[in-house]
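Descriptive analysis of the structure
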Amino acid sequence: MLTVEHNDLVFVRLHWKNIEVNLMTSDGKEKYDKERKSHMRCENSSEEKEYMDARHKDCLAYVLHTSGTTGTPKIVRVPHACVLPNVQHFRELFDITPEDVLFLASPLTFDPSVVEIFIALSSGASLLIVPTSVKVCPSKLAPVLFTHHRVTILQATPTLLRRFGSQLIKSTVLSASTSLRVLALGGESFPSLTVLKSWIGKGNKTQIFNIYGITEVSSWATYYRIPEKILNSTLKCELPVQLGFPLLDTVVEVRDTDGFTIQEGSGQVFLGGKNRVCFLDGEVTVPLGTMRATGDFVTLQGGEMFFLGRKDSQIKRHGKRLNIELVQQVAEELQQVESCAVTWYNQEKLILFIVSKDDVVKDHIFKELQKHLPNHAIPDELVLIDSLPFTSHGKVDVSELNKTYLAYVNLAQNKFSGKEDLWEKLQCLWKSILSLPEDLKVPKESLFLNSGGDSLKSVRLLSEIEQLVGTPVPELLEVVLSSSILEIYNYILQTVFAIEDVTFTKISASKRKLSDTDQEEASGKSLHQKSPLPFNYKEINAFLALSRGNQVLSVNTTELGHCPLACYPDLISQTNIKYVKNLDPPALIGKSKGPSCIAKVSAEGSPVTKAEKMELRVRWRSDTGKCVDASPLVVIPAADNSSATVYIGSHSGRMKAVDLCSGKVKWEQILGDRIESSACVSVCGNFIIVGCYNGLVYVLKSNSGEMYWMFTTEDTVKSSATMDPTTGLIYIGSHDQHVYALDIYKKKCIWKLKCEGTVFSSPCLSLNPHSLYCATLGGLLLAVNPTAGSTVWKHSCGKPLFSSPRCCQQYICIGCVDGNLLCFTHSGEQVWQFSTRGPIFSSPCASASEQEIFFGSHDCFIYCCNMKGHLQWKFKTTSRVYTTPFAFCNYSHNSEMLAAASTDGKLWILESESGQLQSVYQLPGEVFSSPVIWESMLIIGCRNNYIYCLDLLSSNQK
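Residues numbered from 1 in each chain as written. Predicted model: local features only at pLDDT ≥ 70, side-chain atom pairs only at ≥ 80, totals over all residues. Heavy atoms only, no water.

**Details of the confidence of the model for the protein**
Of the residues in the protein, 80% have a pLDDT of 70 or more, and the chain-wide mean is 80. In this model residues 505-536 is a low-confidence stretch, pLDDT under 50, and it forms 67 contacts with partners more than four residues away in sequence or in other chains. Counted against residues more than four places away or in other chains, residues 557-604, with its pLDDT under 50, gives 118 contacts. (pLDDT = per-residue confidence, 0-100. Contact = heavy atoms within 4.5 Å.)

Laid out in structure tokens, this is it:
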């Protein structure tokens with residue numbers, strides 16, 4: 001213990017909304033002012049220059065290191081003028097006297113320790129310092145603090161307090177006879193009032209404060225004393241605890257997503273003040289009054305400020321936004337829970353760690369959580385632990401919790417006893433990934449996709465099964481996507497345990513057989529066509545078609561006659577913008593129809609930031625009835641640019657044709673099942689081709705939606721079709737593991753090729769060399785002869801390929817579930833691979849010069865690589881990037897831009913050369929559809945059931 005002489009220097013003023021509060025009589029003012037002048041030359045000098053200068057003598061008090069509000073480590077240099085107001089205000093607020101004993105709860109690497117030390121030193125109070133070995137053991141620490149040394153002031157994190165356990169808190173820390181006068185909790189979310197009141201013993205008189213701040217404005221910024229009438233009330237209080245009032249010399253602002261200060265509603269907290277300024281990293285001078293973003297979000301109601309959560313605590317789960325701290329608060333209020341913590345493990349699983357009061361059954365806790373939490377907030381896994389790990393700063397140690405979960409998973413795998421245990425473990429994984437109740441018995445005929453699964457969850461299930469059995473299971477992913485849980489079980493038995501006497505049918509649905517005629521044509525033999533296109537089909541149009549990944553198909557057939565199509569340079573493939581001849585691709589022209597063309601819609605979507613250079617504004621939206629995961633196809637007739645049409649389908653089975661400019665529905669056709677396939681246009685422009693979940697490929701008349709032909713595959717078709725402009729053939733893949741070449745004019749299958757795996761992605765065609773590239777969920781990339789339907793070469797990537805291949809003049813690029821972007825020559829030689837930290841479902845997109853490749857990853861980044869596989873830039877989004885970017889030119893900015901979408905519904909407009917953000921827009925649902933841009937209009941599908949068309953406006957068009 002250390003005691004020093006008490007110095008009575010306690011005159012302060014609190015500035016908040018022009019209110020001044022005198023905290024001391026004026027008899028000490030003169031002495032205070034004299035001391036302040038002698039000890040704060042740095043502050044006075046800065047006032048004259050209107051800058052705080054770190055080089056000024058006696059300016060800095062201390063330097064420390066922090067992870068920062070954004071997760072980026074930073075060095076913080078703290079001036080005396082910044083931290084001194086904390087010492088002054090807390091000393092008065094807590095009414096510190098020489099008789100008080102303060103516990104040094106924080107390590108010297110955590111800035112609250114400075115406040116604790118100097119409150120004691122400047123007040124003549126005692127400072128209690130205990131060894132770390134005692135501090136980490138609650139049973140030893142409690143008697144040291146409250147029996148031997150009678151601590152009166154405790155400033156701590158809620159985690160440190162929770163480590164005592166609710167019984168010890170109630171009987172000792174917050175009992176009626178406790179020595180503790182003041183308990184100030186900060187550094188983490190404040191406990192709910194229900195939990196707090198359950199900790200307080202009858203007759204306790206401890207003053208309890210909620211304190212809040214950040215290291216970048218060291219150390220505390222606001223305080224709120226919990227009223228005694230609330231603490232003593234027997235009524236259940238559902239209201240959260242407010243953050244309260246600014247501390248001395250502190251300015252608190254709440255700003256909305258556009259950066260404007262608000263008085264009501266939700267926004268991010270910014271902290272600062274005239275002298276409450278720190279130097280971050282290499283800063284030497286900082287303007288007085290600088291405000292720092294905290295990364296914390298609050299809501300303002302009637303002048304009161306309530307904490308919502310940190311930026312990194314906000315996640316998107318099952319299509320809805322969730323603050324994981326809500327899960328912790330609800331769990332902590334359960335009678336069986338002593339303490340708990342929640343982590344978002346690998347941005348995939350919501351894990352709840354519980355320290356229980358008694359022996360509890362997980363099922364019981366899950367049932368209780370389901371009563372108080374929405375479905376999207378129910379944890380994936382519940383892990384019982386003996387105590388919460390915490391960092392040296394007294395906060396929950398998330399990295400240790402993740403290690404605990406990993407050990408828990410490994411232990412569960414070690415308990416796996418082989419095929420006898422497989423059925424039970426498979427059901428547990430099934431329920432965990434699909435967030436189904438643990439006590440539910442999964443019917444043997446349950447299909448993964450019909451039970452709430454999707455392609456993302458199927459990859460998780462595949463990974464979990466392979467971890468469980470300890471070995472890769474070839475082709476398991478397509479089995480998961482197409483078969484029942486019983487068939488999945490039998491397939492694993494056959495593949496892993498070599499048990500042959502089980503019944504397994506790889507495709508659970510009854511096989512749809514081709515007609516005899518089709519089978520004769522589909523033998524896989526080369527059927528040479530002297531006149532591949534149906535010249536007897538008289539209606540041949542000139543048009544431009546745009547699809548995802550800035551793929552452009554331009555057809556100018558006014559002089560076609562009966563000459564070979566190769567004579568016409570204006571007929572080009574869907575391979576790259578570069579091949580457009582004698583035509584300015586309108587998708588590259590940054591002009592707008594102007595605000596007069598913008599239809600009024602309800603404001604469901606909203607700009608996230610006020611972009612400095614560009615802004616997205618809704619032109620129209622069109623309801624499809626269910627989620628829109630398909631990407632739009634835009635077809636612009638050469639004869640009339642104003643009659644451009646958007647073709648797109650949805651999970652409702654509706655295929656729609658919508659006028660691009662007005663949003664008026666031209667026609668709508670109901671197909672047999674969900675549509676995830678993006679549409680493709682025929683070479684004549686008169687037909688639209690799209691695949692369906694019912695295994696059919698539909699050919700519809702583009703002007704009316706009338707059915708022209710249906711082709712039957714043997715399983716679901718999610719692949720999008722590709723058209724060969726040299727033959728008119730349509731190439732499309734199916735979950736039946738085949739790729740088909742269809743002559744829609746003769747209504748025949750020309751060939752089909754077995755690809756040794758489900759074909760989810762879209763085939764990609766190269767004209768020079770003339771080659772078709774296909775990818776499978778079995779991890780194979782195949783080069784196929786487009787005429788004969790024979791395999792030229794194939795490469796095993798080892799993991800599933802959801803990404804579609806992208807052809808350039810020299811290379812083919814494709815993303816893999818293992819997080820690698822792979823690049824090959826047209827002869828099949830792998831040139832390079834670029835690694836990300838998450839699966840790549842996004843298909844690559846090439847720049848107009850073919851010098852750069854753009855793509856997204858589940859690690860939440862958008863990447864730009866050059867054609868040597870070197871990173872040019874990467875841009876951090878707020879969620880996983882599933883979709884394909886779209887590169888376009890905006891002439892008003894004289895630069896190439898990139899449009900991309902993240903799964904949380906945000907549209908990002910970036911400069912393609914630098915990756916610099918130009919604009920961001922929030923759609924009201926998840927997005928798995930890829931954007932397409934024509935002129936200054938962006939079209940995209942959303943999982944809130946709508947297709948959106950947004951105008952991309954530059955600053956002079958707003």
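**Topic: the sheet that holds strand β25 (residues 551-555)**
Here six strands make up an open sheet; going across it, the order is β25-β24-β28-β29-β30-β31 and the pairing antiparallel. Each of the sheet's edge strands pairs with one partner strand only, and the pair in question is β25 and β31 (665-670). Averaged over all pairs of adjacent strands, the angle between their axes in this sheet comes to 15°, without regard to strand direction. In terms of strand pairing, strand β24 (residues 543-547) meets β25 through five bridges, oriented antiparallel. For Phe543, the partnering residue across the bridge sits in β25 and is Val555. (Pairing = 2+ DSSP bridges. Helix = DSSP H or I, 4+ residues; strand = E, 2+ residues; numbered from the N terminus. Axes fitted to C-alpha atoms, helices over the stretch in contact; angles between N-to-C directions.)

**Considering the packing of aromatic side chains**
Applying the stated criterion across every chain, the model contains 26 aromatic pairs. Centroid distance Tyr647 to Trp667: 6.1 Å. Interplanar angle 45°. Geometry classified as tilted. Note that Tyr647 is positioned in strand β29 (residues 645-649) and Trp667 in strand β31, a separation of 20 residues in sequence. Per residue, the accessibility class of Tyr647 equals that of Trp667, and both read buried. Relative to Tyr745, the ring of Phe687 lies with its centre 6.1 Å away and its plane at 70°, an arrangement referred to as edge-to-face. Linking Phe687 in strand β33 (residues 687-691) with Tyr745 in the loop between β38 (738-743) and β39 (748-754), this pair joins segments that are 58 residues apart in sequence. By the burial criterion, Phe687 is buried, and Tyr745 matches it. (Phe/Tyr/Trp six-rings, centres within 6.5 Å; stacked < 30°, edge-to-face > 60°. Buried < 20%, exposed > 50% of the residue type's maximum accessible area, 1.4 Å probe, protein only.)

**Focus on the pattern of salt bridges**
Under the defined criterion, the tally for this structure stands at 21 salt bridges. With its nearest N and O atoms 2.1 Å apart, the salt bridge here joins Glu332 to Arg162. Of the two residues, Glu332 sits in helix α11 (residues 324-332) while Arg162 sits in helix α7 (residues 158-162), which places them 170 residues apart along the sequence. This pair shows no difference in class: Glu332 is buried, exactly as Arg162 is. Beyond isolated ion pairs, a larger network of salt bridges with shared partners links Asp629, Glu926 and Arg943. (Salt bridge = Lys/Arg side-chain N within 4 Å of Asp/Glu carboxyl O.)

**Overview of unusual backbone geometry**
Cis geometry marks the peptide bond from Ser218 to Ser219, where omega comes out at 0°. You can see Ser219 is positioned in the loop between β10 (207-212) and β11 (222-225). Of the consecutive residues Asn768 and Pro769, the connecting peptide bond is found in the cis state with omega at 5°. When you line up the elements, Pro769 lands in the loop between β40 (764-766) and β41 (771-775). Located in the positive-phi region is Asp249, a residue other than glycine, with phi close to 65°. Relative to the elements of secondary structure, Asp249 occurs in the loop between β12 (245-246) and β13 (251-255).

**Some thoughts on the packing of helix α3 (residues 80-93) against helix α4 (residues 112-123)**
Each packed pair of helices is defined by two parameters, the angle between the axes and the distance between the axes. Look at α3 against α4: their axes get within 9 Å of each other, and the N-to-C directions meet at 55°. By the angle between their directions, the pair α3 and α4 is classed as oblique. The crossing of α3 and α4 is right-handed. For the pair α3 and α4, the contacting residues are Val83, Asn86, Val87, Phe90 and Arg91 in the first and Val114, Val115, Phe118, Ile119, Ser122 and Ser123 in the second. (Parallel < 35°, antiparallel > 145°, perpendicular 65-115°, else oblique. Left-handed = near helix turned anticlockwise from the far one by under 90°.)

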